[in-house]
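# Analysis of the macromolecular model
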Amino acid sequence: MSHSATPLHLLPKGARATIVDIASHSHFGELDAQVTLRLKELGFLPGAVLQVIGFGLFGADPVAVRINGTKFGLRRSEAAKILTTLQPA
């Protein structure tokens with residue numbers, strides 16, 4: 001994993017990034033592995049390129065992203081699991 005990896009929920013609107021890892025997150029407790037598996041099933045895999053489309057009202061849930069041509073709305077806690085590196089503009 002890169003030391004400069006940024007969690008998806010911290011990226012600005014419009015940012016394009018490459019997924020480098022899906023990290024564990026204490027928020028999900030015993031269900032963390034299931035949440036990770038579900039994200040991977042949806043296409044959130046290392047090497048995939050995504051774009052942040054927007055955020056909910058006042059920066060709250062959801063975090064809207066486009067990956068592999070599909071739009072998804074993620075909870076901020078789910079997005080925090082997805083570690084990324086920014087792509088040059």
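The paragraphs below set out a description of the structure included in this document. This one's a predicted model, so the numbers in the text were calculated from it and none came from an experiment.

### Some thoughts on the side chain of serine 77
- The topology assignment puts serine 77 in helix H2 (residues 76-79).
- Apart from residues lying up to four places away in sequence, serine 77 is in contact with His25, His27 and Phe28.

### Focus on the pattern of salt bridges
- Enumeration over the complete set of coordinates arrives at three salt bridges.
- The closest approach of N and O atoms between glutamate 41 and arginine 38, which form a salt bridge, is 3.7 Å. Here the residue glutamate 41 and the residue arginine 38 both occupy positions in helix H1 (residues 32-41), the gap between them amounting to three residues, near one helical turn.
- Among the salt bridges present, the one from arginine 75 reaches glutamate 78, with a minimum N-O distance of 2.8 Å.

### A short note on the sheet that holds strand E1 (residues 6-7)
- One open sheet accounts for six strands, arranged E1-E6-E2-E3-E4-E5; its pairing is antiparallel. At either end of the open sheet lies a strand with only one pairing partner, and these are E1 and strand E5 (70-74).
- Examined bridge by bridge, strand E2 (residues 16-22) and strand E6 (residues 82-86) share five bridges and lie antiparallel to one another. By the bridge assignment, aspartate 21 is partnered in E6 with leucine 83.

### Side note on the environment of leucine 83
- The topology assignment puts leucine 83 in strand E6.
- Along the chain, leucine 83 and aspartate 21 lie 62 residues apart, while their C-alpha atoms are 5.2 Å from each other.

### Side note on the pairing of E6
- Relative to E6, E1 is paired through two bridges, and the arrangement is antiparallel. Opposite proline 7, over in E6, you have leucine 83 as the bridge partner.

Scoring rules and cut-offs
Residues numbered from 1 in each chain as written. Predicted model: local features only at pLDDT ≥ 70, side-chain atom pairs only at ≥ 80, totals over all residues. Heavy atoms only, no water. Helix = DSSP H or I, 4+ residues; strand = E, 2+ residues; numbered from the N terminus. Contact = heavy atoms within 4.5 Å. Salt bridge = Lys/Arg side-chain N within 4 Å of Asp/Glu carboxyl O. Pairing = 2+ DSSP bridges.

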